[in-house]
Every structure is written in C-alpha cells, then in structure tokens.
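# Understanding the architecture of this molecule
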Amino acid sequence: ISQITASSLVGIFGKSVQAFSEDIVKNGLTHLIASDAHYLPGRKYEMSAAFSALEKLMDHRHVRTFKHNAKAVVNGDSIMRFDEKLIKKRKLFSKY
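Residues numbered from 1 in each chain as written. Predicted model: local features only at pLDDT ≥ 70, side-chain atom pairs only at ≥ 80, totals over all residues. Heavy atoms only, no water.

## Thoughts on the pattern of salt bridges
One pass over the full model with this rule turns up one salt bridge. Put simply, Arg 81 and Glu 84 hold a salt bridge, and the shortest N to O gap is 2.7 Å. On the basis of relative accessible area, Arg 81 is assigned to the exposed category, the value being 60%. Using a relative accessible area of 39% as the deciding quantity, one classes Glu 84 as partly exposed. (Salt bridge = Lys/Arg side-chain N within 4 Å of Asp/Glu carboxyl O. Buried < 20%, exposed > 50% of the residue type's maximum accessible area, 1.4 Å probe, protein only.)

Next up, the structure:
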C-alpha cells in the first residue's frame, strides 16, 4: 500500500513533485490520497483539488477506487489495487 499527499498531486510542492505524483497514479503505484492536514497553519486542505486532479488524470473507476480505499483503511477492510506498471525512466532533462 502506498499513498501520496493531496498537495503533491496538485503541485503545491512544485512541478517536479506533481509530475512524479501523476506518474505514480497513472502507473497504479499508489492506492490512497492523504490530506496531510496534521499541520493546518502551514498547509491548506487540498483533498477536493486532489480529487479534481485525479478525475483529469484517470477514469471514473479509478476515482471511485481511491475513495473506496480511503474508507477501507478507516474500517479495517481490504483495499483495491490497480495494475501496477514500472515508471519508465525519463530523459536527462525531464521534470524529475
């Protein structure tokens, strides 16, 4: 099981972190989106924006699976996995 933070997916930590987060999602290597809301004075709550970004990247089935997985973790149930693929190495001057 792996997770990415909502802020990473929406680009709060920079374009390279966002690009890497998108690749992790597209390749089925993460199962959850984390709020990262443990320190609210320094960070915004980005869950709505993260799910909007997810809807642009993936189909509706994937979005539903991410939501299911969040509930499953809270309830102690099994999560649903994706077909994992290796991330292809990028060129020398890529974003990450």
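So that's the structure; there's more coming.
## As for the nonpolar core
In terms of nonpolar packing, the biggest core is built from 15 residues, with Ile 4, Leu 9, Val 25, Ile 33, Phe 51, Leu 54 and Phe 66 touching the most fellow members. When contributions to this core are tallied by element, the ones reaching two or more residues are helix 1 (6–10), helix 2 (15–26), helix 3 (47–57) and helix 4 (60–75). If you tally residues by element for this core, the top one is helix 3, at five residues. Discounting chain neighbours no more than four positions away, the residues touching Leu 54 are Leu 9, Val 25, Ile 33, Val 63 and Phe 66. (Core = buried A, V, L, I, M, F, W, Y, C linked by side-chain atoms within 4.5 Å. Helix = DSSP H or I, 4+ residues; strand = E, 2+ residues; numbered from the N terminus. Contact = heavy atoms within 4.5 Å.)

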